[in-house]
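Below, each chain spelled out in residue letters.
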Amino acid sequence: MNLRLCIAILASASAALGQATPQTSAPPAPRERAQAEPALTRRTWTVEGAERLAFLHIPAPPAAAKTDTPVVFAFHGHGGNARQASRSFHIETEWPEAIVVYMEGLPTPGALTDPEGKRNGWQAREGLQDDRDLKFFDTVLASLRKEYKVDDGRIYAMGHSNGGAFTYLLWKTRAPVFAAFAPSGAYTGRAATLAPRPAMHIAGTKDELVKFDNQQRTIDAVKRVNGCTEPGKPWDRDCTRYDSTKGTPLVTLIYDGSHRYPAHAPALIVKFFKEQPEQAKPAPAQKNPG
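Quick look at the structure, then. Only a predicted model underlies this, so the values are computations on that prediction, with no experimental measurement involved.

1. Quick notes on the overall build of the chain
Counting its regular elements, the chain contains eight helices and 12 strands. Taken over 290 residues, the chain has a buried fraction of 47%. Pairs at least 24 apart in sequence give 64% of the contacts found in the chain among residues at least 6 apart. Approximately 15,200 Å² of the chain is accessible, and the part contributed by carbon and sulfur atoms is 53%.

Next up, the structure:
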(Lines give C-alpha, C1' and ligand atoms only; values in the text may rest on other atoms or scores of the structure.)
Protein backbone atom coordinates (compact mmCIF):
# COMPACT_ATOMS: atom_id res chain seq x y z
CA MET A 1 0.00 0.00 0.00
CA ASN A 2 1.48 3.29 -1.07
CA LEU A 3 1.73 6.42 1.08
CA ARG A 4 -1.06 8.32 -0.70
CA LEU A 5 -3.54 5.48 -0.14
CA CYS A 6 -2.69 5.29 3.61
CA ILE A 7 -3.25 9.00 4.03
CA ALA A 8 -6.63 8.80 2.26
CA ILE A 9 -7.78 5.89 4.47
CA LEU A 10 -6.80 7.71 7.66
CA ALA A 11 -8.56 10.89 6.57
CA SER A 12 -11.73 8.96 5.78
CA ALA A 13 -11.69 7.25 9.20
CA SER A 14 -11.20 10.56 11.02
CA ALA A 15 -14.15 12.11 9.19
CA ALA A 16 -16.36 9.15 10.11
CA LEU A 17 -15.43 9.42 13.79
CA GLY A 18 -16.15 13.15 13.72
CA GLN A 19 -19.66 12.47 12.41
CA ALA A 20 -20.31 9.73 14.99
CA THR A 21 -19.27 11.86 17.96
CA PRO A 22 -20.27 15.43 17.23
CA GLN A 23 -18.78 18.10 19.47
CA THR A 24 -21.08 19.21 22.30
CA SER A 25 -21.13 22.44 24.23
CA ALA A 26 -20.23 22.60 27.92
CA PRO A 27 -23.11 21.92 30.36
CA PRO A 28 -24.90 25.04 31.48
CA ALA A 29 -23.77 26.61 34.74
CA PRO A 30 -26.02 26.07 37.75
CA ARG A 31 -28.90 28.51 37.86
CA GLU A 32 -28.49 31.45 40.15
CA ARG A 33 -31.16 32.36 42.69
CA ALA A 34 -34.41 33.22 40.99
CA GLN A 35 -34.20 36.56 42.73
CA ALA A 36 -30.88 38.37 42.94
CA GLU A 37 -29.69 39.00 46.46
CA PRO A 38 -30.54 42.55 47.48
CA ALA A 39 -27.58 44.81 48.11
CA LEU A 40 -26.67 45.43 51.74
CA THR A 41 -25.61 48.75 53.22
CA ARG A 42 -22.56 48.89 55.47
CA ARG A 43 -23.15 51.09 58.52
CA THR A 44 -21.13 51.94 61.59
CA TRP A 45 -22.05 53.48 64.94
CA THR A 46 -19.81 54.69 67.73
CA VAL A 47 -20.92 53.16 71.02
CA GLU A 48 -19.03 54.38 74.08
CA GLY A 49 -15.94 55.09 72.00
CA ALA A 50 -15.94 51.84 70.02
CA GLU A 51 -16.84 51.64 66.35
CA ARG A 52 -19.53 49.02 65.77
CA LEU A 53 -20.48 47.55 62.42
CA ALA A 54 -23.62 46.14 60.81
CA PHE A 55 -24.86 45.34 57.31
CA LEU A 56 -28.42 46.40 56.60
CA HIS A 57 -31.06 45.58 54.06
CA ILE A 58 -33.42 48.52 53.64
CA PRO A 59 -36.52 47.98 51.47
CA ALA A 60 -36.63 50.03 48.30
CA PRO A 61 -37.58 53.63 49.04
CA PRO A 62 -39.93 55.13 49.88
CA ALA A 63 -41.43 52.04 51.54
CA ALA A 64 -39.33 52.04 54.73
CA ALA A 65 -39.83 55.79 55.19
CA LYS A 66 -43.61 55.86 54.72
CA THR A 67 -44.91 52.40 55.62
CA ASP A 68 -44.83 50.58 58.95
CA THR A 69 -41.85 48.30 58.33
CA PRO A 70 -40.90 45.11 60.23
CA VAL A 71 -37.33 44.73 61.47
CA VAL A 72 -35.32 41.51 61.85
CA PHE A 73 -32.07 41.53 63.86
CA ALA A 74 -29.78 38.59 63.02
CA PHE A 75 -26.69 37.55 64.99
CA HIS A 76 -23.74 35.43 63.82
CA GLY A 77 -22.08 32.74 65.91
CA HIS A 78 -18.77 33.01 67.75
CA GLY A 79 -15.96 33.55 65.27
CA GLY A 80 -18.34 34.78 62.59
CA ASN A 81 -19.10 38.20 61.18
CA ALA A 82 -21.98 40.21 59.78
CA ARG A 83 -21.27 39.45 56.13
CA GLN A 84 -21.06 35.74 56.84
CA ALA A 85 -24.37 35.89 58.71
CA SER A 86 -26.04 37.60 55.75
CA ARG A 87 -24.98 34.72 53.50
CA SER A 88 -26.17 32.04 55.93
CA PHE A 89 -29.48 33.65 56.89
CA HIS A 90 -30.30 35.70 53.74
CA ILE A 91 -33.50 36.90 55.41
CA GLU A 92 -33.78 39.75 52.91
CA THR A 93 -34.35 37.27 50.07
CA GLU A 94 -37.16 35.64 52.04
CA TRP A 95 -38.69 38.90 53.30
CA PRO A 96 -37.57 41.82 51.10
CA GLU A 97 -40.21 44.11 52.64
CA ALA A 98 -38.46 43.96 56.05
CA ILE A 99 -35.49 45.91 57.36
CA VAL A 100 -32.83 43.28 58.12
CA VAL A 101 -29.89 44.07 60.40
CA TYR A 102 -26.81 41.83 60.51
CA MET A 103 -24.87 43.13 63.50
CA GLU A 104 -21.22 42.22 64.11
CA GLY A 105 -19.70 41.32 67.44
CA LEU A 106 -16.30 42.23 68.85
CA PRO A 107 -13.51 39.89 70.00
CA THR A 108 -15.06 38.16 73.01
CA PRO A 109 -14.11 35.15 75.17
CA GLY A 110 -16.26 32.16 74.25
CA ALA A 111 -17.91 29.87 76.77
CA LEU A 112 -17.25 26.76 74.67
CA THR A 113 -14.39 27.87 72.39
CA ASP A 114 -11.84 30.70 72.14
CA PRO A 115 -11.32 31.35 75.88
CA GLU A 116 -8.76 34.06 75.05
CA GLY A 117 -11.37 36.05 73.14
CA LYS A 118 -9.53 36.46 69.85
CA ARG A 119 -12.62 36.11 67.66
CA ASN A 120 -15.88 37.99 67.28
CA GLY A 121 -18.72 37.11 69.60
CA TRP A 122 -21.47 38.38 71.88
CA GLN A 123 -21.75 38.84 75.61
CA ALA A 124 -23.23 35.79 77.31
CA ARG A 125 -24.95 37.51 80.25
CA GLU A 126 -26.01 40.99 81.23
CA GLY A 127 -23.20 42.90 82.92
CA LEU A 128 -20.38 41.24 80.98
CA GLN A 129 -18.14 43.48 78.85
CA ASP A 130 -20.01 46.44 80.39
CA ASP A 131 -23.11 45.39 78.40
CA ARG A 132 -21.46 46.69 75.22
CA ASP A 133 -23.55 44.46 72.93
CA LEU A 134 -26.86 45.33 74.57
CA LYS A 135 -25.91 49.00 74.21
CA PHE A 136 -25.01 48.40 70.56
CA PHE A 137 -28.45 46.90 69.96
CA ASP A 138 -30.17 49.81 71.73
CA THR A 139 -28.20 52.31 69.62
CA VAL A 140 -29.04 50.63 66.32
CA LEU A 141 -32.73 50.31 67.12
CA ALA A 142 -32.94 53.97 68.16
CA SER A 143 -31.21 54.92 64.91
CA LEU A 144 -33.66 52.88 62.82
CA ARG A 145 -36.64 54.40 64.59
CA LYS A 146 -35.29 57.85 63.85
CA GLU A 147 -34.55 57.21 60.17
CA TYR A 148 -37.41 54.90 59.14
CA LYS A 149 -41.04 54.14 59.95
CA VAL A 150 -40.39 51.08 62.11
CA ASP A 151 -43.38 48.92 63.03
CA ASP A 152 -42.89 48.56 66.78
CA GLY A 153 -45.24 45.58 66.80
CA ARG A 154 -43.06 43.62 64.38
CA ILE A 155 -39.47 43.62 65.66
CA TYR A 156 -37.78 40.21 65.74
CA ALA A 157 -34.46 38.65 66.75
CA MET A 158 -32.70 35.52 65.57
CA GLY A 159 -29.19 34.08 65.80
CA HIS A 160 -27.15 30.92 65.68
CA SER A 161 -24.88 29.41 68.35
CA ASN A 162 -23.38 32.31 70.36
CA GLY A 163 -25.71 34.55 68.34
CA GLY A 164 -28.60 32.36 69.47
CA ALA A 165 -27.48 32.74 73.07
CA PHE A 166 -27.42 36.51 72.57
CA THR A 167 -30.94 36.26 71.14
CA TYR A 168 -31.96 34.62 74.41
CA LEU A 169 -30.21 37.44 76.29
CA LEU A 170 -32.22 40.01 74.34
CA TRP A 171 -35.33 38.05 75.25
CA LYS A 172 -34.30 38.15 78.92
CA THR A 173 -33.43 41.86 78.98
CA ARG A 174 -35.46 43.47 76.17
CA ALA A 175 -38.58 41.30 75.85
CA PRO A 176 -41.11 44.18 75.48
CA VAL A 177 -39.31 45.31 72.32
CA PHE A 178 -39.87 42.08 70.39
CA ALA A 179 -42.75 40.27 68.73
CA ALA A 180 -40.90 36.93 68.48
CA PHE A 181 -37.51 35.21 68.69
CA ALA A 182 -35.78 32.45 66.70
CA PRO A 183 -32.56 31.18 68.33
CA SER A 184 -30.76 28.15 66.92
CA GLY A 185 -27.97 25.90 68.13
CA ALA A 186 -28.11 27.60 71.54
CA TYR A 187 -29.41 27.26 75.06
CA THR A 188 -29.93 29.36 78.17
CA GLY A 189 -29.93 28.30 81.78
CA ARG A 190 -32.38 31.07 82.63
CA ALA A 191 -35.26 30.19 80.35
CA ALA A 192 -37.55 29.87 83.36
CA THR A 193 -37.18 33.61 83.99
CA LEU A 194 -38.14 34.69 80.46
CA ALA A 195 -41.29 36.66 79.75
CA PRO A 196 -43.77 34.80 77.52
CA ARG A 197 -43.04 35.50 73.86
CA PRO A 198 -43.63 33.59 70.61
CA ALA A 199 -40.48 31.65 69.76
CA MET A 200 -38.97 29.21 67.32
CA HIS A 201 -36.03 27.09 68.46
CA ILE A 202 -33.86 25.26 65.93
CA ALA A 203 -31.67 22.36 67.07
CA GLY A 204 -29.67 19.49 65.61
CA THR A 205 -29.91 16.19 67.47
CA LYS A 206 -26.23 15.51 66.73
CA ASP A 207 -24.95 18.96 67.66
CA GLU A 208 -21.35 18.36 68.71
CA LEU A 209 -20.84 21.83 70.21
CA VAL A 210 -24.08 22.80 71.94
CA LYS A 211 -25.36 19.45 73.16
CA PHE A 212 -28.93 18.63 72.21
CA ASP A 213 -29.82 17.66 75.81
CA ASN A 214 -29.08 21.23 76.92
CA GLN A 215 -31.15 22.62 74.08
CA GLN A 216 -34.01 20.25 74.92
CA ARG A 217 -34.02 21.50 78.52
CA THR A 218 -34.24 25.07 77.21
CA ILE A 219 -37.11 24.11 74.90
CA ASP A 220 -38.98 22.45 77.78
CA ALA A 221 -38.52 25.55 79.96
CA VAL A 222 -39.77 27.82 77.14
CA LYS A 223 -42.86 25.63 76.80
CA ARG A 224 -43.62 26.21 80.47
CA VAL A 225 -43.15 29.98 80.49
CA ASN A 226 -45.09 30.33 77.22
CA GLY A 227 -48.02 28.27 78.51
CA CYS A 228 -47.63 25.54 75.87
CA THR A 229 -49.60 22.78 77.58
CA GLU A 230 -51.02 20.95 74.54
CA PRO A 231 -49.18 18.22 72.59
CA GLY A 232 -47.28 19.45 69.57
CA LYS A 233 -48.69 19.19 66.07
CA PRO A 234 -46.97 19.30 62.66
CA TRP A 235 -46.47 22.83 61.39
CA ASP A 236 -44.12 22.70 58.39
CA ARG A 237 -41.06 20.80 57.23
CA ASP A 238 -39.40 19.14 60.26
CA CYS A 239 -41.31 21.54 62.54
CA THR A 240 -43.66 21.04 65.49
CA ARG A 241 -45.94 23.77 66.81
CA TYR A 242 -46.97 23.95 70.47
CA ASP A 243 -50.01 26.16 70.95
CA SER A 244 -50.14 28.44 73.97
CA THR A 245 -52.76 29.43 76.50
CA LYS A 246 -51.05 32.85 76.55
CA GLY A 247 -51.00 33.45 72.81
CA THR A 248 -47.26 32.82 72.70
CA PRO A 249 -46.71 29.62 70.69
CA LEU A 250 -43.46 27.74 70.38
CA VAL A 251 -42.31 26.11 67.14
CA THR A 252 -39.39 23.70 67.18
CA LEU A 253 -37.32 22.73 64.15
CA ILE A 254 -35.49 19.58 65.23
CA TYR A 255 -33.31 18.07 62.51
CA ASP A 256 -31.04 15.05 62.35
CA GLY A 257 -27.82 17.00 62.02
CA SER A 258 -24.86 18.70 63.64
CA HIS A 259 -24.17 22.27 64.79
CA ARG A 260 -24.24 23.37 61.15
CA TYR A 261 -27.06 25.82 60.42
CA PRO A 262 -29.77 24.11 58.32
CA ALA A 263 -30.23 25.65 54.88
CA HIS A 264 -34.03 25.43 55.00
CA ALA A 265 -34.34 27.33 58.29
CA PRO A 266 -34.49 30.95 57.02
CA ALA A 267 -37.69 30.48 55.02
CA LEU A 268 -39.35 28.78 58.00
CA ILE A 269 -38.22 31.52 60.38
CA VAL A 270 -39.71 34.20 58.14
CA LYS A 271 -42.96 32.26 57.88
CA PHE A 272 -43.09 32.04 61.69
CA PHE A 273 -42.24 35.71 62.19
CA LYS A 274 -44.97 36.77 59.78
CA GLU A 275 -47.48 34.83 61.86
CA GLN A 276 -46.51 36.75 65.02
CA PRO A 277 -47.35 40.44 64.56
CA GLU A 278 -48.42 42.74 67.34
CA GLN A 279 -47.45 40.32 70.11
CA ALA A 280 -44.92 42.59 71.76
CA LYS A 281 -46.42 46.04 71.30
CA PRO A 282 -46.32 47.60 74.78
CA ALA A 283 -49.65 48.20 76.45
CA PRO A 284 -50.61 51.86 76.99
CA ALA A 285 -49.28 53.27 80.22
CA GLN A 286 -51.87 53.33 82.98
CA LYS A 287 -52.51 56.58 84.78
CA ASN A 288 -52.18 56.67 88.52
CA PRO A 289 -55.57 56.71 90.22
CA GLY A 290 -56.65 60.09 91.43
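2. Topic: the pairing of strand β1 (residues 41–47)
Bridge count for β1 against strand β2 (residues 50–57) is seven bridges, and the pairing is antiparallel. Counted as the bridge partner of threonine 44 is leucine 53 from β2. What sits between β1 and β2 in their antiparallel hairpin is a turn of two residues, with glutamate 48 showing a positive phi close to 50 degrees.

3. As for the side chain of histidine 264
Within the secondary structure, histidine 264 sits in the loop between β12 (250–255) and α8 (265–274). Judged by its relative accessible area of 17%, histidine 264 falls in the buried class. Of the polar contacts made by the side chain of histidine 264, one reaches the side chain of aspartate 238; its length is 3.1 Å. Every residue in contact with histidine 264, bar those within four places of it in the chain, is listed here: Arg237, Asp238 and Leu253.

4. Overview of the sheet that holds strand β11 (residues 239–242)
What the 10 strands build is an open sheet, ordered β1-β2-β4-β3-β7-β8-β9-β12-β11-β10; its pairing is mixed. Edge positions in the open sheet fall to β1 and β10 (233–234), since each of these has one partner strand only. As judged from the four bridges shared by β11 and β12, these two strands associate in the antiparallel manner. Looking at β12, one finds that arginine 241 is bridged to valine 251. Contacting β3 (69–75), β7 (150–160), β8 (180–184) and β9 (199–204), helix α6 (residues 162–174) runs over the sheet at an angle of about 140 degrees to β7. The strands that helix α7 (residues 212–226) touches are β9, β11 and β12; relative to β9, the one it contacts most, it runs at about 165 degrees.

5. Things to note about the packing of aromatic side chains
Applying the stated criterion across every chain yields a total of 14 aromatic pairs. A ring pair is formed by phenylalanine 137 and phenylalanine 178, whose centres lie 5.5 Å apart and whose planes are at 25 degrees; its orientation type is stacked. Taken together, the positions of phenylalanine 137 in helix α5 (residues 132–147) and phenylalanine 178 in the loop between α6 and β8 put the pair 41 residues apart, joining distant regions of the chain. Residue phenylalanine 178 is classed as buried on the basis of its relative accessible area of 0%. Among the aromatic residues, those joined into a ring-pair cluster are Phe73, Phe137, Tyr168, Trp171, Phe178 and Phe181. Its guanidinium or amino end placed over the ring of tyrosine 242, lysine 223 lies 3.9 Å from that ring's centre, counting from NZ or CZ. Against the face of tryptophan 235 rests lysine 271, its NZ or CZ located 4.6 Å from the ring centre.

6. Section: α6
Spanning 13 residues, α6 covers 17 Å between terminal C-alpha atoms, matching the ideal 18 Å at 1.5 Å per step. Taken together, the buried positions of α6 are Asn162, Gly163, Gly164, Phe166, Thr167, Tyr168, Leu169, Leu170 and Trp171.

7. Looking at the pattern of salt bridges
One pass over the full model with this rule turns up 16 salt bridges. Note that lysine 233 is salt-bridged to aspartate 243, the shortest N-O span being 2.8 Å. Pair noted here: lysine 233 is in strand β10 and aspartate 243 is in the loop between β11 and β12, with a separation of 10 residues, a long-range link. Close ionic contact of aspartate 238 with arginine 237 constitutes a salt bridge, the shortest N to O distance being 3.9 Å. Given the relative accessible area of 53%, arginine 237 is considered exposed. Several salt bridges share partner residues, and in doing so they unite Lys233, Arg241, Asp243 and Glu275 into one network.

What counts as what
Residues numbered from 1 in each chain as written. Predicted model: local features only at pLDDT ≥ 70, side-chain atom pairs only at ≥ 80, totals over all residues. Heavy atoms only, no water. Helix = DSSP H or I, 4+ residues; strand = E, 2+ residues; numbered from the N terminus. Buried < 20%, exposed > 50% of the residue type's maximum accessible area, 1.4 Å probe, protein only. Contact = heavy atoms within 4.5 Å. Areas by Shrake-Rupley, 256 points an atom, 1.4 Å probe, with all protein chains shown as cover. Pairing = 2+ DSSP bridges. Polar contact = N/O pair within 3.5 Å; in protein donor to acceptor, adjacent residues only side chain to side chain. Axes fitted to C-alpha atoms, helices over the stretch in contact; angles between N-to-C directions. Phe/Tyr/Trp six-rings, centres within 6.5 Å; stacked < 30°, edge-to-face > 60°. Lys NZ or Arg CZ within 6 Å of the ring centre and 35° of its normal. Expected span 1.5 Å × (residues − 1). Salt bridge = Lys/Arg side-chain N within 4 Å of Asp/Glu carboxyl O.

As far as function goes, none of this settles anything; it's purely spatial.
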